Amino acid sequence: MAKQGYKTEVLESFSGGLNFRTDQFNLAPNESPDLLNVDVDPRGGVTLRNGVTAINTSALGSEVKGLASFFTDSGTSQIIANHGTAIARSSGSAFTAISGPTARTDGSRMYGMTMNNVFYGVSGDKVSFKWDGSSASDLGTTLDGSAGNFPIAQYVTFWNNFAWAGKTYEDDGGFAYYNSRLRWSNANQPEKWTNTDYVDIDVGERGDIITALVPLADRLLIFKNNSVHAMYGFDSDSFQLTALSRDVGSIALSSPVSTPYGVFFWHDRAGVYLYNGESFTNVFEKLRPAIDNGRISFTTAPQLAWFENRLYLSLDMLEYYKSGTQVTKRHVMVFDPTMKSWTLTDIDATTLHVHAPPGGEPILLGACKTTANAGRVIKLEQSNPTDAYD
């Protein structure tokens, strides 16, 4: 009886990236079930990934929840962060507290935008605030077209000469959340809001609430848990809302990101989707088994960022690659759309943000989560071969 033989095969390319399918015999020749802390070259080779360095070697008092950017025409460039109940700023090194705004709710997430050389910050349940580089103050909540006001909201963005606020918290005979409400300011006046300039989007439908606002060319995308909508137009008389999908949406606080390919976002327990302006495509199918078997979990929402033509995704994931005791910690995955391939890193980062000064070099930032690194903000894709969190 002839012996069962083995066949030797030379693997010359890993350009297909990670594939977590259970049956590894179904993997393509250029795919791998384990690509940790490496980058894949378009020609198929692998190299050790770049390291990280800390923005602030002295940690802030608690985990950083939100990151945003502030720029001015005169050249000011600052990273804005919220941690605990505080707001802080950095010009590239240690953070300095911003005094003036009402204390945030501990654990809340700040979003912000710069408009007319002023930074506007929101965090869901506290009055919005502004920062001009030298002083900060609370903004009022009167939405009657008068100056010095801004809605309390969870999400904010700038599009088509208007400030936009989503998932608002308003006083209508008593403060209450308007989870499906989208408001817009007066044109080029982010501190003037008219009470009637809003739209409530599919209120109460399947528990759907607004989860993100993302400008995309001629439209503003409004994400909800289970749907995506687009606002078109130029002013209050021409704004028109269109439903793009009632099958997919974005997890709250996961920060969908606009890219040259379209908008990437994380939908429910299905992974990353891409909206290319016409259709929705799941780009996470090869990694979906890690969701189904619980390797990927959702204690903290996934986070997305776009940097140097690649998508970065931070998520909670079991250290499946370790022998012995395995724990769930934060990881960062990287997707190269030119090869449609994913790789995995063990970088400790939750919130991701690209700080892109006008005319300057963009920096990919991450807020650390583990007890050892909490309170630090790191720069990813640094030339050093190791990770320096302090």
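To be clear, the structure that these remarks concern was listed above.
Notes on the structure follow. Given the structure is predicted, the values throughout are model-derived calculations rather than measurements. (Residues numbered from 1 in each chain as written. Predicted model: local features only at pLDDT ≥ 70, side-chain atom pairs only at ≥ 80, totals over all residues. Heavy atoms only, no water.)

1. Observations regarding the pattern of salt bridges
Note that side chains of opposite charge can pair when their charged atoms are close.
No. 1: A full pass over the atoms with the stated rule returns 16 salt bridges.
No. 2: A salt bridge links Arg-49 to Asp-387; the nearest nitrogen and oxygen atoms lie 2.7 Å apart. In this pair, Arg-49 sits in the loop between β4 (46–48) and β5 (51–54) while Asp-387 sits in the segment after β33 (377–382), placing the two residues 338 residues apart along the sequence.
No. 3: Overall, Arg-49 belongs to the buried group, its relative accessible area being 8%.
No. 4: Its relative accessible area of 28% is what places Asp-387 among the partly exposed residues.
No. 5: Arg-310 serves as the salt-bridge partner of Glu-381, at 3.0 Å between the closest nitrogen and oxygen. (Salt bridge = Lys/Arg side-chain N within 4 Å of Asp/Glu carboxyl O. Helix = DSSP H or I, 4+ residues; strand = E, 2+ residues; numbered from the N terminus. Buried < 20%, exposed > 50% of the residue type's maximum accessible area, 1.4 Å probe, protein only.)

2. Concerning the side chain of Thr-345
No. 1: Examined against the element boundaries, Thr-345 turns out to sit in strand β30 (residues 341–345).
No. 2: Reaching out from Thr-345, the side chain makes a polar contact with the backbone oxygen of Val-332 at a distance of 2.8 Å.
No. 3: Polar side-chain contacts of Thr-345 include one of 3.3 Å to the backbone nitrogen of Ile-347.
No. 4: Look past the residues within four positions of Thr-345 in its chain and what remains in contact with it is Leu-36, Asn-37, Arg-49, His-331 and Val-332. (Polar contact = N/O pair within 3.5 Å; in protein donor to acceptor, adjacent residues only side chain to side chain. Contact = heavy atoms within 4.5 Å.)

3. Focus: the sheet that holds strand β14 (residues 152–159)
No. 1: Pairing within the open sheet is antiparallel, and its four strands lie in the order β14-β15-β16-β17. Whereas interior strands pair on both sides, the edge strands pair on one side only; in this sheet they are β14 and β17 (198–200). Strand-to-strand twist in this sheet, taken as the mean axis angle between neighbours without regard to direction, amounts to 30°.
No. 2: Of the pairings in the sheet, the one linking strand β16 (residues 175–184) to β17 comprises three bridges and is antiparallel in character. (Pairing = 2+ DSSP bridges. Axes fitted to C-alpha atoms, helices over the stretch in contact; angles between N-to-C directions.)

4. Some thoughts on the sheet that holds strand β9 (residues 96–97)
No. 1: One open sheet holds the four strands; their spatial order is β6-β7-β8-β9, and the pairing between them is antiparallel. The strands lining the two open edges of the sheet, one partner per strand, are β6 (64–71) and β9.
No. 2: Pairing geometry for strand β7 (residues 77–83) and strand β8 (residues 86–90), over five bridges, is antiparallel. Bridged to His-83 within β8 is Ala-86.

5. What about the nonpolar core?
Soluble globular proteins tend to bury their nonpolar side chains together.
No. 1: Formed by 30 residues in total, the largest nonpolar core has its most connected members in Phe-264, Val-272, Phe-284, Met-333 and Trp-342.
No. 2: Looking at this core, the elements with two or more residues in it are β3 (38–40), β23 (262–267), β24 (271–275), α1 (289–292), β27 (303–307), β28 (310–318), β29 (328–336) and β30.
No. 3: Looking at which element gives the most residues to this core, the answer is β28, with four residues.
No. 4: In this structure Met-333 touches Leu-18, Phe-20, Phe-284, Leu-287, Leu-311, Tyr-312, Leu-313, Leu-315, Trp-342, Thr-343 and Leu-344, once residues within four positions along its chain are discounted.
No. 5: Membership of the second largest hydrophobic core comes to 27 residues, among which are Met-113, Met-115, Val-118 and Leu-139. (Core = buried A, V, L, I, M, F, W, Y, C linked by side-chain atoms within 4.5 Å.)

6. Digging into the packing of aromatic side chains
No. 1: Inspection of the entire model under this criterion finds 27 aromatic pairs.
No. 2: Considering the side-chain rings of Phe-264 and Phe-335, the 6.1 Å spacing of their centres and the 70° angle between planes classify their relative orientation as edge-to-face. With Phe-264 in strand β23 and Phe-335 in strand β29, the pair connects residues that are 71 residues apart, well separated along the chain.
No. 3: A relative accessible area of 0% means that Phe-264 is categorised as buried.
No. 4: Here a set of aromatic residues connected by ring pairs shows up, and it is made of Tyr-261, Phe-264, Trp-266, Phe-284, Phe-298, Trp-306, Phe-335 and Trp-342.
No. 5: The cationic tip of Arg-295 hangs over the ring face of Phe-20; the distance from NZ or CZ to the ring centre is 5.0 Å. (Phe/Tyr/Trp six-rings, centres within 6.5 Å; stacked < 30°, edge-to-face > 60°. Lys NZ or Arg CZ within 6 Å of the ring centre and 35° of its normal.)

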